Amino acid sequence: MGSNRPEVRGSQRLQALVDHFRSSNSIPNNSNSTHNQIQFSSKRAAVLICVFEGADGNLRVILTQRASSLSTHSGEVALPGGKRDEGDADDIETALREAKEEIGLDPSLVSVITLLEPFRTKYSVTVIPVVGILSNKDAFSPVLNSAEVEAIFDVPLEMFLKNDNRRTEEKEWMGEKHLVHYFDYEFENKMYVIWALTAAILIRAATLLLQRPPAFLERRPKIWGGITESDMIILRNSSK
């Protein structure tokens, strides 16, 4: 699979976003990605954070609801993606292949701009978030794989930096307390809940792409990055 760097046309904001990452040399190359140098593992997966510009000019991200018939995480909201196949050249190819299989998204429509740091689940699965830009939303006609996906919808990326429609639950893992974030979102008269790993990934993606920290304490578990610099500022201010 060749380098996934299609030109972004029509939106100055999206083009500026792509240019920013290109100038910082953060766009991965499929042939020499540092993530590709990690030995293939059956417990490795990649998800696609597919961002586009909405009618109001704000960035939005595509999400799915997993099929209720699936044996794991059935009915939950997720990013398109899945386990890496041995035939995949790298994590980018995994994310794009899975997105095409799940929702019919043509990889040629997506301009990959960066990869986020890996997330490791409590089941020892390493998840690589792949950030891509969908410059022409109208060219994408979703075709859902009913065996895997029950619904597709999109949400404003900025939502994951706000307190609105957000709630938390304190959990403990390996003797360490952390917060699990839940974001409620209504789309076409149906209420969706984005939470746990998916929410954590989108908080990090929103922080990076919108270039500002969340307005709340993240308090991630250590395997997801632990206390952030933004958390330290909030904690200091709250103690005054």
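Residues numbered from 1 in each chain as written. Predicted model: local features only at pLDDT ≥ 70, side-chain atom pairs only at ≥ 80, totals over all residues. Heavy atoms only, no water.

### Some points on empty space enclosed by the protein
Following the criterion strictly, the structure yields one cavity of 30 Å³ or more and no others. The calculated volume of the largest cavity comes to roughly 60 Å³. Contributing to the lining of the largest cavity are L179, V180, H181, A196, A199, A200, I203, E218, R220, P221 and W224. Breaking the lining of the largest cavity down by element, the ones donating at least two residues are β10 (176-187) and α3 (196-210). Broken down by element, the lining of the largest cavity gets its largest block of residues, four residues, from α3. Considered class by class, the residues forming the lining of the largest cavity number eight nonpolar, one polar and two charged. (1 Å grid on protein atoms, 1.4 Å probe; cavity = no way out; pocket = protein on both sides within 12 Å on 5 of 7 lines; lining within 4 Å. Points joined across faces, edges and corners; volume = space filled by probe spheres on them. Helix = DSSP H or I, 4+ residues; strand = E, 2+ residues; numbered from the N terminus. Nonpolar A, V, L, I, M, F, W, Y, C, P; charged D, E, K, R; others polar.)

### Considering unusual backbone geometry
A positive phi angle, close to 55 degrees, is found at M174, a residue other than glycine. On the secondary structure map, M174 appears in the loop between β9 (166-173) and β10. In the Ramachandran plot, A196 falls in the positive-phi region, its phi being about 55 degrees despite a non-glycine side chain. Here A196 lies in helix α3. With relative accessibility at 21%, the residue A196 sits in the partly exposed group. (Buried < 20%, exposed > 50% of the residue type's maximum accessible area, 1.4 Å probe, protein only.)

### Section: the side chain of T121
Structurally, T121 is set in the loop between β6 (119-120) and β7 (126-134). What T121 contacts, discounting residues up to four positions off in sequence, is V127, L197 and I223. (Contact = heavy atoms within 4.5 Å.)

### Structural notes on the pairing of strand β11 (residues 190-195)
Here six bridges tie β10 to β11, and the two strands are oriented antiparallel to one another. Bridge pairing links D184 to V193 in β11. Hairpin connection between β10 and β11: a loop of two residues separates the two successive antiparallel strands, and E188 in this loop has a positive phi of roughly 50 degrees. (Pairing = 2+ DSSP bridges.)

### Focus on a nonpolar patch on the surface
A surface patch of nonpolar side chains, amounting to about 320 Å² of accessible area, comprises W173, M174 and I223. Using a relative accessible area of 72% as the deciding quantity, one classes M174 as exposed. (Patch = residues over 30% accessible without salt bridge, like charges linked within 9 Å, V, L, I, M, F, W, Y side chains within 5 Å. Areas by Shrake-Rupley, 256 points an atom, 1.4 Å probe, with all protein chains shown as cover. Salt bridge = Lys/Arg side-chain N within 4 Å of Asp/Glu carboxyl O.)

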